[in-house]
Number of protein chains: 2
Amino acid sequence: MDGRAEDLVARRRRLLGRGYQLLYDEPLELVRGDGVYLFDRDGRGYLDAYNNVPVVGHCQPDVVAAIQRQVATLNTNTRYLAEPILDYAERLLATHAAELDRVLFTCSGSEAVDLALRVARQATGATGVIVTTNAYHGVTMATAAISPSLGPGAPAGPGLRTVAAPAPLGDDDGTAFAGRVERAIEVLRDDGHELAAMVVDTALVSDGIVMEPASFLGPVVATIRAAGGLFVADEVQAGFGRSGTDLWAYARHGIVPDLVTLGKPMGNGMPIAALVARVELTDGFGDAVRYFNTCAGNSVSIAAAAAVLEMIERDRLLANATSMGDRVRAGLREIAAEHPELTRVRGAGLYVAADLCDPETGAVRGDLTKLVVERLRARGVLISAVGPQRETLKIRPPLPIAAGDVDHLLEQVAATMATLTG
Amino acid sequence: MDGRAEDLVARRRRLLGRGYQLLYDEPLELVRGDGVYLFDRDGRGYLDAYNNVPVVGHCQPDVVAAIQRQVATLNTNTRYLAEPILDYAERLLATHAAELDRVLFTCSGSEAVDLALRVARQATGATGVIVTTNAYHGVTMATAAISPSLGPGAPAGPGLRTVAAPAPLGDDDGTAFAGRVERAIEVLRDDGHELAAMVVDTALVSDGIVMEPASFLGPVVATIRAAGGLFVADEVQAGFGRSGTDLWAYARHGIVPDLVTLGKPMGNGMPIAALVARVELTDGFGDAVRYFNTCAGNSVSIAAAAAVLEMIERDRLLANATSMGDRVRAGLREIAAEHPELTRVRGAGLYVAADLCDPETGAVRGDLTKLVVERLRARGVLISAVGPQRETLKIRPPLPIAAGDVDHLLEQVAATMATLTG
């Protein structure tokens, strides 16, 4: 770290405190973004293969123009009539299953999941919740309490049960997963909690990015419904086209959730998130309790979100996510053939994952994963790590990434792997 | 309502559901904002004497320029180094008591209060919370549970006690209020809950806007501290200069809170909020649990927030809030002398309140308050109602309001009062 970086780190500590964490041992000071690239003060460009928030690319010109225009015209709340929020809501709902016919806006994905929990408890009159073992669903008190990946500092309530997610690249068609859910429902009942909801990140990111076989959620949804609970598809991580074949990762599983939470990429960086649901759930909740979220669905965030959806469609970003994601995976598999430490290449669309392991024992090696992440950063390529032991490379560039940038990413991964055992 | 408004209302119902409420019997379709004015599709201007979010005025040019510049340059998160967020944090903390030396960013005021509750529980190891009888503190599950003004649809946890707020224009110097808090602490202990925190909106808005005498929080803070609890000043409503004498309404009471929550006006409409606290609270929390809020403190929201703080200082908006607020109150008192239905004119700075009552019995008349609000809207002036029986006129224009606009507001209130008993 140079002197300037050290100063900034010290100031962060003094002003924001110890809780604020930085990516990389040599943290980056970024000053500019453009497409799939980020730039530091010295003008050095970094291929951003990590940030899923700028889903249509950093500073995408049409999104920027929409925000610039709206912020100079009007920025207000949902207690006045406005056409743009309705046009956006209509367009957004048209991308979901027909049964999902209402949208409530929030400021963050955490607020969306928090609201889903409130709606589910209101609708079912029950308190039991099931999530996966290493789930992450948000930072509010209620969502942190259903996020075991945060550790014991975010204590879970008594009505929570966790179930192991399917293994990456396992062969469970969902039957075994549903069996675990069934037993969790029974244990909840033994403890006096009927089931309100199961909440599942549809890419199971913090459980290690598990997206295949794309059917394993079907039996789980049936099990949840049979118990009178609601199925919440948390699309905050996976939504808005990242999985390639559809805007929503839940659609890959052929399921229709009761509630869907949207967030991070929704405004390409402008804070906006949402809960999509069936009318009887939102109206039942709305009748029971007032809900007004001041900045949620504000005019500027809606303008950004509308531009994002337009860009995904106009630039055919689903198809690009599929083909570029497949290109990344094919390239990683070639590298893995040379370097057996790299294994379990997986994902869907531009959610790409691979583990680092000991080739002799097969044991995962989070330390190697960290080395790869840090060395790639030194080579100007940004990715990160995830998974229960942070053993998994997490690769998720903005959706418009081009083949040349994918090839650059792969070259750098190959070069990094070559240094690993040296 | 004309045909177009009816169509928009029907679309809202069909897309956003029954929970979304509109202001006014004849809802407004707004398309443009400028300073203290909002404009509908027909170009009719409305004096905005209601919205506290656009604290420096709708579409304030310097704030707009800051947002436009930043959104075209870079919009990213707090996991990279950046100077602007540190410059802003430094400036923001300098406006608070010296003991309050760390800031954590969130996306909304609800998230800030929710985080305050998490920090308070972590720091004290306790679960008891005290709020005022008609408090409102947010829409997450945890904050709705400490918002009795939301009614029984937002069920409170067992560790919550409410205490009556001081009466508007009463003579309690805080002794009686502190006595009620003391008894609430005892009842919490009887129920097995040690005190984690008391959370108080420093303008007591939903309890009817109670800001005088500006000392009544002193004894309460001492009582809370003596019981081992933390005092949370919720400045989401009152903060950023609205109370006139200081940026923060808590400062009027001569107190130093343990935690301060900021929100609504912080980004003049861009979603940004924060928790300000002593270092041992934030670092203790940060050590215990990971907290990363993706869009909180993003580059664009920080640019907006920095411009807001700059405008408040450069344009001497505290002084304007004081003098214009006093001008509104003086004018309302003149009108009240003619119309005894108008009573209890109060507030501080540009948080202005007055009640409508039956002049014979003194009983509050929420129906008259609603009439005044609706008739003012018809006359092109926007305010709203608040209070346990919605008996209180809530007047809080953007801080740069000029004397001519205040006089226009007062003329319209006078004309409206003249129609009231007709």
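Residues numbered from 1 in each chain as written. Chains lettered and ligands numbered in written order. Predicted model: local features only at pLDDT ≥ 70, side-chain atom pairs only at ≥ 80, totals over all residues. Heavy atoms only, no water.

For the coordinates displayed, the defined rule picks out eight aromatic pairs over all chains. On the numbers, 6.2 Å between centres and 35° between planes, the contact of Tyr 88 of chain A with Phe 105 of chain A is tilted. Here Phe 105 of chain A lies in strand 4 (residues 102-106) and Tyr 88 of chain A lies in helix 3 (residues 83-94), a separation of 17 residues in the sequence. Both residues of the pair, Tyr 88 of chain A and Phe 105 of chain A, belong to the buried class. The ring of Phe 39 of chain B has Arg 32 of chain B lying over it, and the distance from NZ or CZ to the ring centre is 4.1 Å. The ring of Phe 292 of chain B carries the charged tip of Arg 79 of chain B above its face, separated from the ring centre by 3.7 Å. (Phe/Tyr/Trp six-rings, centres within 6.5 Å; stacked < 30°, edge-to-face > 60°. Helix = DSSP H or I, 4+ residues; strand = E, 2+ residues; numbered from the N terminus. Buried < 20%, exposed > 50% of the residue type's maximum accessible area, 1.4 Å probe, protein only. Lys NZ or Arg CZ within 6 Å of the ring centre and 35° of its normal.)

With that settled, the discussion passes to the pattern of salt bridges. Across all of its chains, the model carries 48 salt bridges over all chains by this definition. Residue Glu 90 of chain B is joined to Arg 14 of chain A by a salt bridge in which the shortest nitrogen-to-oxygen separation is 3.4 Å. On the criterion of chain membership, the pair formed by Glu 90 of chain B in helix 3 (residues 83-94) and Arg 14 of chain A in helix 1 (residues 3-15) is interchain, its members lying in two chains. On the basis of relative accessible area, Arg 14 of chain A is assigned to the partly exposed category, the value being 44%. Across the salt bridge formed by Arg 41 of chain B and Glu 29 of chain B, the nearest N and O atoms sit 3.9 Å from each other. (Salt bridge = Lys/Arg side-chain N within 4 Å of Asp/Glu carboxyl O.)

Another aspect to go through is helix 6 (residues 175-190) of chain A. Along an α-helix, residues three or four positions apart point the same way, because every turn accommodates 3.6 residues. Residues and elements named next belong to chain A. In this model helix 6 runs 23 Å from its N-terminal to its C-terminal C-alpha over 16 residues, within 8% of the 22 Å that 1.5 Å per residue would give. The inward-facing, buried residues of helix 6 abut strand 5 (128-132), strand 6 (160-163), strand 7 (195-201) and helix 7 (217-226). Two residues or fewer past helix 6, Gly 192 is found with a positive phi of approximately 90°. (Expected span 1.5 Å × (residues − 1). Contact = heavy atoms within 4.5 Å.)

Our next topic: the relation of the copies chain B and chain A. Turning chain B through 180° and shifting it by 0.0 Å along the axis lays it on chain A, with an RMSD of 0.0 Å. The superposition operator between the copies reduces to a two-fold rotation axis. In terms of proximity to the rotation axis, the leading residue of chain B is Gln 68 of chain B, whose C-alpha is 2.6 Å off the axis. Most of the interface of chain B is mirrored in chain A, where 100% of its interface residues again form contacts. (Least-squares fit on C-alpha atoms with pLDDT ≥ 70 in both.)

With that settled, consider a negative patch on the surface. All names here are of chain A. Taken together, Asp 2, Glu 6, Asp 7, Glu 26 and Asp 42 make up a surface patch of like negative charges. Mapped onto the fold, Asp 42 is located in the loop between strand 2 (37-40) and strand 3 (45-48). Using a relative accessible area of 71% as the deciding quantity, one classes Asp 42 as exposed. (Patch = residues over 30% accessible without salt bridge, like charges linked within 9 Å, V, L, I, M, F, W, Y side chains within 5 Å. Areas by Shrake-Rupley, 256 points an atom, 1.4 Å probe, with all protein chains shown as cover. Lys, Arg positive; Asp, Glu negative; His and termini not counted. Charge placed at Lys NZ, Arg CZ, Asp CG, Glu CD.)

Glancing now at the sheet that holds strand 12 (residues 351-356) of chain A. All names here are of chain A. In space, the four strands of this open sheet follow the order 11-12-15-14, with antiparallel pairing throughout. Each having just a single partner strand, strand 11 (342-348) and strand 14 (384-386) make up the two edges of the open sheet. This sheet shows a mean twist of 30° between the axes of neighbouring strands, independent of strand direction. Pairing geometry for strand 14 and strand 15 (residues 392-395), over three bridges, is antiparallel. By the bridge assignment, Ala 385 is partnered in strand 15 with Leu 393. Running over the sheet, helix 11 (residues 317-338) touches strand 11, strand 12 and strand 15 and is turned about 170° from strand 11. (Pairing = 2+ DSSP bridges. Axes fitted to C-alpha atoms, helices over the stretch in contact; angles between N-to-C directions.)

Residues and elements named next belong to chain A. At a minimum axis separation of 7 Å, helix 6 and helix 7 run at an interaxial angle of 25°. By the criterion of interaxial angle, the relationship of helix 6 to helix 7 is roughly parallel. Crossing of helix 6 over helix 7 shows right-handed handedness. For the pair helix 6 and helix 7, contact is made by Thr 175, Phe 177, Ala 178, Val 181, Glu 182 and Ile 185 and by Leu 217, Pro 219, Val 220, Thr 223 and Ile 224, respectively. Of the residues belonging to the contact of helix 6 with helix 7, the class tally is eight nonpolar, two polar and one charged. (Parallel < 35°, antiparallel > 145°, perpendicular 65-115°, else oblique. Left-handed = near helix turned anticlockwise from the far one by under 90°. Nonpolar A, V, L, I, M, F, W, Y, C, P; charged D, E, K, R; others polar.)

Our focus in this paragraph is the interface of chain B and chain A. Accessible area lost upon the coming together of the parts is a frequently used measure of interface size. Residue-level contacts link 94 residues of chain B with 94 residues of chain A. Where chain B abuts chain A, roughly 8,500 Å² becomes buried across the two surfaces, and 57% of that area is made up of carbon and sulfur atoms. Area buried by chain B at its contact with chain A is led by Tyr 80, Leu 81 and Met 141 of chain B, which between them contribute 10% of it. Run the count over chain B and chain A and you get twelve salt bridges. Between Glu 90 of chain A and Arg 11 of chain B there is a salt bridge, and its shortest N-O distance comes to 2.9 Å. Connecting chain B to chain A are 49 residue pairs in polar contact (both at pLDDT 80 or more). (Buried area = accessible area lost by both parts, 1.4 Å probe. Polar contact = N/O pair within 3.5 Å; in protein donor to acceptor, adjacent residues only side chain to side chain.)

A few words now on helix 12 (residues 366-378) of chain B. Residue and element names in this part refer to chain B. Counted at 1.5 Å a residue, the expected span for helix 12 with its 13 residues is 18 Å, and the 19 Å between its end C-alpha atoms agrees. Within helix 12 the residues assigned to the buried category are Leu 368, Thr 369, Val 372, Val 373, Glu 374, Leu 376 and Arg 377. Tucked inside the fold, the buried residues of helix 12 contact strand 3 (45-48), strand 12 (351-356), strand 13 (381-382), strand 14 (384-386), strand 15 (392-395) and helix 13 (403-420). Just downstream of helix 12 lies Gly 380, where phi reads positive at about 85°.

Turning our attention to unusual backbone geometry. Note that the residue after Glu 212 of chain A, namely Pro 213 of chain A, is joined by a cis bond; omega there is -5°. Tracing the backbone shows Pro 213 of chain A in the loop between strand 7 and helix 7. In this structure, Leu 204 of chain A is a non-glycine residue whose phi angle is positive, near 45°. Mapped onto the elements of the fold, Leu 204 of chain A is located in the loop between strand 7 and helix 7. In this model, Asn 268 of chain B sits at a positive phi of 55°, which is unusual for a non-glycine residue. Examined against the element boundaries, Asn 268 of chain B turns out to sit in the loop between strand 9 (259-262) and strand 10 (273-277).

On to the packing of helix 4 (residues 109-124) of chain B against helix 9 (residues 279-288) of chain B. Residue and element names in this part refer to chain B. Closest axis-to-axis distance for the helix 4/helix 9 pair is 9 Å, and the angle between their directions is 85°. By the angle between their axes, helix 4 is roughly perpendicular relative to helix 9. Contacts between helix 4 and helix 9 pair Leu 115, Arg 118, Val 119, Gln 122 and Ala 123 from the former with Leu 281, Gly 284, Phe 285 and Ala 288 from the latter. Its residues assigned to classes, the contact of helix 4 with helix 9 comprises six nonpolar, two polar and one charged.

Right, let's talk about the side chain of Thr 106 of chain B for a bit. Position of Thr 106 of chain B relative to the elements: it lies in strand 4 (residues 102-106). Among the polar contacts listed, one links the side chain of Thr 106 of chain B to the backbone oxygen of Ser 108 of chain B, at a separation of 3.0 Å.

Next up on the list: the confidence of the model for chain A. Fine structural detail should not be taken from predicted coordinates in areas where pLDDT scores are low. Averaged over chain A, the pLDDT score is 97; the fraction of residues at 70 or greater is 100%. For this predicted complex, the interface score ipTM comes out at 0.98, alongside a pTM of 0.98. (pLDDT = per-residue confidence, 0-100.)

The subject of this paragraph is the environment of Arg 102 of chain A. Relative to the assigned elements, Arg 102 of chain A resides in strand 4. In this structure, the C-alpha to C-alpha distance between Arg 102 of chain A and Val 276 of chain A, residues 174 residues apart in sequence, is 5.7 Å. Not counting residues up to four positions away in its chain, the partners in contact with Arg 102 of chain A are Leu 93, Leu 275, Val 276, Ala 277, Val 279 and Thr 282 of chain A together with Arg 13, Arg 14, Leu 15, Leu 16 and Gly 17 of chain B. For Arg 102 of chain A, the side chain forms a polar contact with the main-chain oxygen of Arg 13 of chain B, separated by 3.1 Å.

Residues and elements named next belong to chain B. Spatially, four strands are ordered 1-2-3-13 in an open sheet, and the strand pairing comes out mixed. The open sheet has two edge strands, strand 1 (30-34) and strand 13, and neither has a second partner. As paired strands, strand 3 and strand 13 are joined by two bridges and run parallel to one another. Bridged to Asp 48 within strand 13 is Leu 382.

Residues and elements named next belong to chain A. The element strand 10 (residues 273-277) is extensively covered by neighbouring structure, given that five of its five residues are classed as buried. The alternating pattern of strand 10 places Ala 273, Leu 275 and Ala 277 and Ala 274 and Val 276 on opposite faces, both of which are buried. Relative to strand 10, strand 4 runs antiparallel, the two being bridged by five bridges. In the strand pairing of strand 10, Phe 105 is matched with Ala 274.

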